[in-house]
Amino acid sequence: MQTWIRSGGIRSSGTFCTGVALMMVTLFSWSSPLAGTPNSTTATATSVDENSIALFNTSQPRWIEIDLSEQRLRAWEGNRLVYSYRISGGKRSTPTPIGRFRINSKYRTHRMRGRGYNIPDVPYTMYFYRGYAIHGAYWHNRFGTPVSHGCVNLPVKQARNLYNWASMGTLVVVRK
């Protein structure tokens, strides 16, 4: 009986120690996905030219391009276009931030609140800068027109495709 208790205790303590070790490694190895990127602390980073995008392609094969003048999002694997979707970016009074960012959190559904809105169950939400995210929008069908409070709205089905395709740390390039 004592042998059984001791062996069970050893198994439990081994599992506990493994869990603690994994938490410590995760805690100490985490760094902000925006750390070390130029202009990552402001929402008005300098525009990105085609040459700098080509440099990112070698180290970051998957990346997202958001062209606000076209109201279009493109998802790339290197130089190969994977998805191209019409979006609704921010209105003139609540613009989408310009610059280079990284997806820093993902939520299957998320409540979004701000001045003048409180929307439950926003689908396929991927935050890339402060409170700004790429997400599905079930409450409107005006894609191709800037109508958001700064986020990048997609039809729900397209947001799901992008959510499943992109991972944490995926580069997001937003330009005018």
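Please refer to the structure placed before this passage.
Note that the structure is a prediction, hence the values are computed from the model and not measured. (Residues numbered from 1 in each chain as written. Predicted model: local features only at pLDDT ≥ 70, side-chain atom pairs only at ≥ 80, totals over all residues. Heavy atoms only, no water.)

Chemist: Can you help me understand unusual backbone geometry in this one?
Modeler: Most peptide bonds take the trans configuration, and most residues that are not glycine carry a negative phi. One non-glycine residue, Q71, lies in positive phi territory at about 50°. One non-glycine residue, D121, adopts positive backbone phi at about 55°. Along the polypeptide, D121 turns up in strand 6 (residues 117-129). Look at D121 and you get exposed, because its relative accessible area is 51%. (Helix = DSSP H or I, 4+ residues; strand = E, 2+ residues; numbered from the N terminus. Buried < 20%, exposed > 50% of the residue type's maximum accessible area, 1.4 Å probe, protein only.)

Chemist: What is the right way to read the nonpolar core from this model?
Modeler: Here is a general trend for soluble globular proteins: nonpolar side chains tend to be buried in one another's company. Counting residues in each nonpolar core, the largest one holds 24 residues, and the members touching the most others are I64, I66, L73, I134 and L162. Secondary-structure elements contributing two or more residues to this core are strand 1 (62-67), strand 2 (72-77), strand 6, strand 8 (152-154), helix 3 (156-165) and strand 9 (171-175). Sequence-distant contacts of I134, defined by excluding residues within four places in its chain, comprise I64, I66, L73, Y124, T125, M126, F128, V152, L154, L162 and V172. Of all hydrophobic cores here, the second largest spans six residues; its members include M112, V122, Y127 and C151. (Core = buried A, V, L, I, M, F, W, Y, C linked by side-chain atoms within 4.5 Å. Contact = heavy atoms within 4.5 Å.)

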